[in-house]
Amino acid sequence: MSLTRFIKDLLRKPESIPTPGAIFYNATVAKVLRKPETKIANDIVAKTGKGTILDLGSGTGYLSIEIAKRSTGLQVYGIDLSRQMVKIARRHAKGVDNAQFVYGNAAKLPFKDKSIDLVVSTGALHHWRAPRLVFDECYRVLKTGAEAWIYDGCPEVFRDKAARTKLYEEYGFLIGRFGPRVSTLHGFTRDEYQTVIKDMLEQTAFKGNYQMALTDIWMKMTLKKHH
Ligand SMILES: C[S@@+](CC[C@H](N)C(=O)[O-])C[C@H]1O[C@@H](n2cnc3c(N)ncnc32)[C@H](O)[C@@H]1O
């Protein structure tokens, strides 16, 4: 990578994570998120053991690869707007043939209508410039009756001492200690989910067909394609 590219990456306010950020993320945050994402992979395979899964903002690829490793009946695609993230994810996916990573924008998905059995996304919603377009794209590519599981930060997960202690015990020091701050900076408050994000969803084809729940270290939004 050239020095000018490095500086340009740092200065640009990104939707995608810029190259240095991707390298840093791979060495740090992605590792901390492995345990909670392993749980999500288990939940996904329990619900959808066969078919096609799409991971929006797949980053370093951990979640997509864990899903793919659990069932050869699944084809998993990760899409990311950072070329460096796609490169890192492809490297991690060596030998896992049913996990593939593509460079692209979740707001303009390179997938056919009704071709996807489940969409998942972790920690990416707060990056999206056009969340409404992403939600509409999810609706378009999902098969009828299928769901999108969108997880992102929400500080209320860590709201009281008991919750923090439990997360600390389960996921260790980094999540227990820094989780509240990180999810404030990289997510939305519960109130924002229930107002701003809800208003957006109401303007999409998912209107009235979604739920929001605090789960584990995230807010989980389940969007269902009804017809
Ligand atoms: C905080 S990272 C989360 C990565 C991964 N899902 C994880 O849990 O570790 C957010 C990712 O979303 C990607 N991203 C942001 N906006 C995007 C968009 N519109 N389409 C595709 N990827 C996007 C970023 O490049 C980044 O890799």
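Up top you'll find the structure we're talking about.
Read on for a plain summary of the structure. Each chain has its residues counted from 1, running along the sequence as written. With the structure being a predicted model, the display of local features is reserved for residues of pLDDT at least 70 and the display and counting of side-chain atom pairs for 80 or more, all residues being used for whole-chain, interface and lining totals. Note that water and hydrogens are dropped before the side-chain values are worked out from all heavy atoms of the structure.

Observations concerning the sheet that holds strand E1 (residues 51-56)
- DSSP calls a pair of strands paired once it identifies at least 2 bridges connecting them. Only DSSP runs of H or I with at least four residues qualify as helices, and only runs of E with at least two residues qualify as strands; both kinds are numbered from the N terminus onward. Read from one edge to the other, the open sheet built from seven strands follows the order E3-E2-E1-E4-E5-E7-E6, with strand pairing classed as mixed. The open sheet has two free edges, formed respectively by strand E3 (99-103) and strand E6 (210-215), since each of these has just one partner strand. Averaged over all adjacent pairs, the angle separating strand axes in this sheet is 20 degrees, with direction ignored.
- Direction of pairing for strand E4 (residues 116-122) relative to strand E5 (residues 142-152): parallel, over a ladder of six bridges. Across the sheet, leucine 118 pairs through a bridge with glutamate 147, a residue of E5.
- The contact rule is simple, with two residues in contact once any of their heavy atoms fall within 4.5 Å. As a rule, the C-alpha atoms of each element are fitted with a line to give its axis, helices using only the stretch in contact, and angles between N-to-C directions run from 0 to 180 degrees. Packed on one face of the sheet, helix H7 (residues 131-141) meets E1, E4, E5 and strand E7 (218-224) and runs near 145 degrees to E5.

A short note on the environment of cysteine 138
- Tracing the chain through its elements places cysteine 138 in helix H7.
- Spatially, the C-alpha atom of cysteine 138 lies 9.5 Å from that of alanine 205, the residues being 67 residues apart in sequence.
- Setting aside residues up to four positions removed in sequence, cysteine 138 forms contacts with Leu56, Leu109, Val119, Ala148 and Phe206.

Notes on the packing of helix H4 (residues 34-47) against helix H5 (residues 62-70)
- Direction vectors running N to C along H4 and H5 enclose 40 degrees, while the axes themselves pass 9 Å from each other. On the basis of the axis angle, H4 is oblique to H5. Like other packed secondary-structure pairs, H4 and H5 cross with a definite hand, here right-handed. Between H4 and H5, the contacting residues are Arg34, Glu37, Thr38, Ile40, Ala41, Asn42, Ile44 and Val45 on the first element and Tyr62, Leu63, Glu66, Ile67 and Arg70 on the second.
- When grouped by side-chain class, the residues that make up the contact of H4 with H5 number seven nonpolar, two polar and four charged. Note that the term roughly parallel is reserved for angles under 35 degrees, roughly antiparallel for angles over 145, roughly perpendicular for angles of 65 to 115, and oblique for everything else. Left-handed describes a crossing whose near helix is turned anticlockwise from the far helix through less than a right angle; right-handed describes the clockwise counterpart. Side-chain classes are defined by residue name, with Ala, Val, Leu, Ile, Met, Phe, Trp, Tyr, Cys and Pro counting as nonpolar, Asp, Glu, Lys and Arg as charged, and the others, Gly among them, as polar.

Some details on unusual backbone geometry
- Within the chain, lysine 114 stands out as a residue other than glycine whose phi angle is a positive 50 degrees.
- Mapped onto the elements of the fold, lysine 114 is located in the loop between E3 and E4.
- One non-glycine residue, aspartate 216, adopts positive backbone phi at about 55 degrees.
- With respect to the secondary-structure elements, aspartate 216 resides in the loop between E6 and E7.

Things to note about a nonpolar patch on the surface
- Patches here are clusters of residues that have more than 30% relative accessible area and form no salt bridge, with a 9 Å joining cutoff for like charges and a 5 Å cutoff for nonpolar side chains (Val, Leu, Ile, Met, Phe, Trp, Tyr). Every accessible area reported is derived by Shrake-Rupley at a probe size of 1.4 Å, with residue values counting cover from the shown protein chains alone. Basic side-chain nitrogens of Lys or Arg form a salt bridge, by our definition, when they fall within 4 Å of a carboxyl oxygen of Asp or Glu. Residues Tyr168, Phe173, Leu174, Phe178 and Val182 make up a contiguous nonpolar surface patch of about 470 Å² in total accessible area.
- Mapped onto the elements of the fold, tyrosine 168 is located in helix H8 (residues 161-171).
- Here the term buried applies to any residue with accessible area under 20% of the maximum for its type, exposed to any over 50%, and partly exposed to those in between, with areas from a 1.4 Å probe on protein chains only. Its relative accessible area of 42% is what places tyrosine 168 among the partly exposed residues.

Concerning the pattern of salt bridges
- Tallied over the entire structure, the rule returns ten salt bridges.
- Note that glutamate 147 is salt-bridged to lysine 47, the shortest N-O span being 3.8 Å. Of this pair, glutamate 147 sits in strand E5 while lysine 47 sits in helix H4, placing them 100 residues apart in sequence.
- Take glutamate 147: its relative accessible area is 13%, and that puts it in the buried class.
- Taking relative accessible area as the criterion, lysine 47 reaches 47% and is therefore assigned partly exposed.

Regarding the pairing of E1
- Among the six residues in E1, five count as buried, and that is most of the element.
- Pairing between E1 and strand E2 (residues 74-80): six bridges, direction parallel. From the neighbouring strand, leucine 56 faces E2, where its bridge partner is isoleucine 79.
- When the strands point away from the viewer, a crossover counts as right-handed if the route from the first strand across the helix to the second turns clockwise. With H5 bridging E1 and the parallel E2, this β-α-β connection has right-handed handedness.
- Sheet topology note: the E1/E4 ladder contains three bridges and is parallel. Looking at the pairing, aspartate 55 lines up with valine 120 of E4.

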